[in-house]
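Residue-level structural notes
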Amino acid sequence: MEAYKRWVRRNRDYVHSLESLASGLTWLLPERFSHSEIGLEAVTSILGIFTSVNEHILGTTATGPRTGQVAASSSVPYSLYITLLKDLETLVEVVAQQLYGEDMKWNLISITEAAKVLLRLAALRGSGYKMLLHGGENVNDGTDTDNSNANRNESHPHGVSVALRNNPWNLEGRALSALSKFGENARSISGPTWLRTAQHQHAIFDSPIYSKPSLSSFLSEKGLQGGLFFTAEMMLILRPLIYVLMIRRYGSRSWFPWLASLSVDLVGNVLNLYYTFMSQNTNAIHLSKNEKNELKRRKLLWAFYLMRDPFFTKYTRQRLDGAQKLLEPVPVVGFLTEKLVELLIGAQTRYTYMSGS
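Conventions and cut-offs
Residues numbered from 1 in each chain as written. Predicted model: local features only at pLDDT ≥ 70, side-chain atom pairs only at ≥ 80, totals over all residues. Heavy atoms only, no water. Helix = DSSP H or I, 4+ residues; strand = E, 2+ residues; numbered from the N terminus. Buried < 20%, exposed > 50% of the residue type's maximum accessible area, 1.4 Å probe, protein only. Contact = heavy atoms within 4.5 Å. Core = buried A, V, L, I, M, F, W, Y, C linked by side-chain atoms within 4.5 Å. Salt bridge = Lys/Arg side-chain N within 4 Å of Asp/Glu carboxyl O. pLDDT = per-residue confidence, 0-100.

Along the chain, the position of Ser45 falls in helix 3 (residues 38-59). Ser45 gets classed as buried once you look at its relative accessible area, which sits at 2%. Non-local contacts of Ser45, meaning those with residues more than four positions away in its chain, are made with Asp87, Leu88 and Leu91.

Among the nonpolar cores identified, the biggest contains 27 residues, and Trp106, Leu124, Met131, Val244, Tyr275 and Tyr351 are the most heavily contacted of them. Broken down by secondary-structure element, the contributors of at least two residues to this core are helix 4 (78-126), helix 9 (215-250) and helix 10 (255-279). Among the elements that make up this core, the one with the highest residue count is helix 9 (10 residues). Apart from residues no more than four positions distant in its own chain, Trp106 is found in contact with Val244, Ile247, Arg248, Ser252 and Tyr351. Core analysis: the next-biggest nonpolar cluster, separate from the first, contains 11 residues, Phe312, Ile345, Ala347 and Met354 among them.

With that settled, consider the pattern of salt bridges. Scanning the model with the defined rule gives 13 salt bridges in all. Where Glu233 meets Arg298, a salt bridge forms, and the shortest distance between an N and an O atom there is 2.9 Å. In this pair, Glu233 is assigned in helix 9 and Arg298 in helix 11 (residues 289-300), connecting sequence segments 65 residues apart. One salt bridge in this structure joins Asp309 and Arg253, with 3.5 Å as the shortest N-O distance. Of this pair, Asp309 sits in the loop between helix 11 and helix 12 (311-327) while Arg253 sits in the loop between helix 9 and helix 10, and the two are 56 residues apart along the sequence. A single network of salt bridges, built from pairs that share partners, joins Lys86, Glu89, Glu113 and Lys116.

A few words now on the environment of Glu41. You can see Glu41 is positioned in helix 3. A relative accessible area of 0% means that Glu41 is categorised as buried. When the C-alpha atoms of Glu41 and Val95 are compared, they prove to be 9.3 Å apart, with 54 residues separating the residues in sequence.

This brings us to the confidence of the model for the chain. Low pLDDT marks stretches whose predicted atomic positions should not be read closely. Scored by pLDDT, the chain comes out at a mean of 76, with 71% of its residues at no less than 70. Within the chain, the element-level pLDDT minimum falls on helix 5 (residues 148-155), averaging 39, and the maximum on helix 12, averaging 93. Confidence drops under pLDDT 50 across residues 146-195; counting only partners more than four residues distant or on other chains, this segment forms 143 contacts.

The following block contains the structure:
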């Protein structure tokens, strides 16, 4: 393993190029959204895991001593566990659907979402109750980074990135690549993940003066604003689990899961707006630039509601079909529109692509 780590660190540009190439090639594989795509999703998930692990290895490079040696990380961050789980969740959905059927697959998806809830709660506690950046995939060190976009583009030059995170194997990223510009803007406002994460996480947690506050001490210190902040973060963490449990109970074509998820998002967003307003007038909670960008990213994720059933079947699908028929006679544009609509319809059939989790 140490030999592999050294090879990755010596050939980081080569590794990123391979990841970029593989990311694009997976979309060209046949029967991408067919009923026999377990093998394709397995390949995508495995390569995604390798990408995440490589990014973690490159991130730990900055933690070595000044002598030039690279120190090994003493512990695996929760952000990496969350990322690896997200790399696997579409494969879990596909396998569950083929083995147990459309209705029973929601049991395994519910377990996956519950595992993410536990990891995000642990990440929230481990951060000292700071805002979760990109669902816990980025460690919130409380600092601002003005060159985040430059670092992201330099580290991950893949062409189909939608930018919901740096990793091209991220499930939301692969789904939203079909949404093109929306996805690019959604991720471009988020900071880079692994290199920045490792540098600041080790700097903070290795410091002898650092101590993580308990929830009671956090709420006591921050008061009402802290309570609103914590409640909003809990809404963010629990919303996907609530959504999938409602689907499991009422079915994906029912309006009840869609409305329940929307309601949780609405309440969380109102709380976000309120404590953001309060943060401008008090010193209880100061929002860093990364945290403000995270709030913007969360608002962009509302576009997923247009792609979730039953709204998609009743409204969005009709608009897409109408646009396709309108542009069909136009050379090149009609062909590209047809492929884009086909890609969107295919991606929409997967819960994990459109969950926003």
